[in-house]
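# Fold and contact review
The chain contents come next:
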Amino acid sequence: MVTSLPARPSRAVLTLLAVLLTLTGLAGTALTATPARAASLVQVTSFGSNPGNLAMYGYRPDGLPNGRPLVVLLHGCTQNAGGYFANSGWRKFADQWGFALVVPQTSSANNMSSCFNWFEPGDTTRGQGEAASIRSMVSYAVATYGSDASRVYVSGLSAGGAMTAVMLATYPDVFAAGSIGAGLAYRCAASLLQASGCQYGPTSKTPQQWGDLVRNAYTGYSGPYPRVAIWQGQSDYTVTPANGTQLRDQWTNVRRVSQTPTSTQSLTGGTSLKVYGADDVRLYEIAGMGHGLPVDPGNGADQCGAAAAYFLDTICSAYHDARFFGLDGGGGPTTPPTTTPTPTPTPTPPATCVRANNYAHTTAGRAYQSGGSVFANGSNQAMGLWNTFVVHSLKQTGPGYWVLADGEC
């Protein structure tokens, strides 16, 4: 972690860098001052057996000690590891609470839409295909990053959410818990044709039948099954809301708890949370949300991510999932708050006007960084790249509320 701002470059160096940035369109990383976080998402070219032909990307926060948790993130169709890492919000909590990330990536060579093959038996069976490749990545992270093998979790969106269900079913001895966003029940489909039927309509099975599909994925297993969180937009026409209910039926049956919720809460973003058993399964239903992963851009304690295609501005699912996994230091399951906490702003006299570079604005709490870009706190006005070369004036017009004021300071 950088503890002080870097020395100011000469005018000649700044001019050269400005030209290079203009010509190349780089996001101000390698050619600019080192930000507070030096760690980045890095491809691992050799991680062991890879029968599913997947690519592995890993993120280990600076100074992360051995024995910390590990979270596997699975992107959706047409997405990739870098975009999912940048937009999902998980990086914030990996840095804040100290855990590593593994982000597998598939490609059009595996599936024409770059989807994980959650419906192909050869990729969804223990020890085979894509499922086995992801398992190899976990083994690599445990051995290389020193991650705690008893605290490994998985989360994904859409096809990645369905693949999350695959990993929880086929490797219940590896994953302690998981989160399925706009996904589908394990073995809802065993072919591409069946996959379309699952996505767009309900499948007629009892909770027992859904649960048996999971139990048959690893015959002879007698240990505990993972706890599961399910996220489902109620206006999702790509993976219809019936799939959230089917996932609820499957995993409550696997966990041997009732399909009747033990509690229901209202959260931000039009979200209803139903809890089953002793926090064995959670079902988050988001009114009006379409197909995508819930995010909530901002610098609040429970905010995260960046809005983009299939990253929908409603509620920060990564925050709630990280707490559900016990990654916030609580040591176990936690029930999320019913109201959004408001961060305490740094006291600044009203109408204060400050001119500084974007890096200084973020470190002083006048702005925040998301996906390599900077936005003013409160107004969320775009300020450009996160570096020491872009300079703006910001004026505070209320507690924690800053607006661009170039030409006024």
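Scroll up for the structure.
### Observations regarding the environment of Ala229
In this structure, Ala229 sits in strand β7 (residues 227-233). Counting along the chain gives 45 residues from Ala229 to Lys274, while the straight-line C-alpha distance between them is 9.9 Å. The residues touching Ala229, leaving out its near neighbours within four places in the chain, are Gly178, Ser179, Ile180, Arg282, Tyr284, Asp321 and Phe324.

### Looking at helix α9 (residues 317-324)
In terms of residue burial, α9 counts as a mostly covered element, since eight of its eight residues are buried. If you check which residues of α9 are buried, you get Ser317, Ala318, Tyr319, His320, Asp321, Ala322, Arg323 and Phe324. In the stretch just after α9, Gly326 is the one whose phi turns positive, near 85°.

### Quick word on the pattern of salt bridges
Scanning the entire structure with this criterion turns up eleven salt bridges. Note that Arg126 is salt-bridged to Asp173, the shortest N-O span being 3.0 Å. Taken together, the positions of Arg126 in the loop between β4 (100-105) and α4 (129-144) and Asp173 in the loop between α5 (159-170) and β6 (177-181) put the pair 47 residues apart, joining distant regions of the chain. Judged by relative accessible area, Arg126 falls into the partly exposed class, the value being 27%. Looking at Asp173, the relative accessible area reads 40%, which means it is partly exposed. For Lys274, the salt bridge identified is with Glu285, shortest N-O distance 3.3 Å. With Lys274 in strand β9 (residues 271-276) and Glu285 in strand β10 (residues 281-286), this residue pair connects regions lying eleven residues apart in the sequence.

### Some points on the environment of Asp148
In this fold, Asp148 is placed in the loop between α4 and β5 (152-157). Of the polar contacts made by the side chain of Asp148, one reaches the side chain of Ser150; its length is 2.7 Å.

### A short note on α4
Residues separated by three or four positions in an α-helix point in the same direction, a consequence of the helix having 3.6 residues per turn. In this model α4 runs 23 Å from its N-terminal to its C-terminal C-alpha over 16 residues, within 8% of the 22 Å that 1.5 Å per residue would give. The complete set of buried residues in α4 reads Gly129, Glu130, Ala131, Ala132, Ser133, Ile134, Ser136, Met137, Val138 and Ala141. Packed against the buried residues of α4 are β2 (55-59), β3 (70-74), β4, β5 and α5. In the stretch just after α4, Gly146 is the one whose phi turns positive, near 75°.

Here is what the cut-offs are and how they apply
Residues numbered from 1 in each chain as written. Predicted model: local features only at pLDDT ≥ 70, side-chain atom pairs only at ≥ 80, totals over all residues. Heavy atoms only, no water. Helix = DSSP H or I, 4+ residues; strand = E, 2+ residues; numbered from the N terminus. Contact = heavy atoms within 4.5 Å. Buried < 20%, exposed > 50% of the residue type's maximum accessible area, 1.4 Å probe, protein only. Salt bridge = Lys/Arg side-chain N within 4 Å of Asp/Glu carboxyl O. Polar contact = N/O pair within 3.5 Å; in protein donor to acceptor, adjacent residues only side chain to side chain. Expected span 1.5 Å × (residues − 1).

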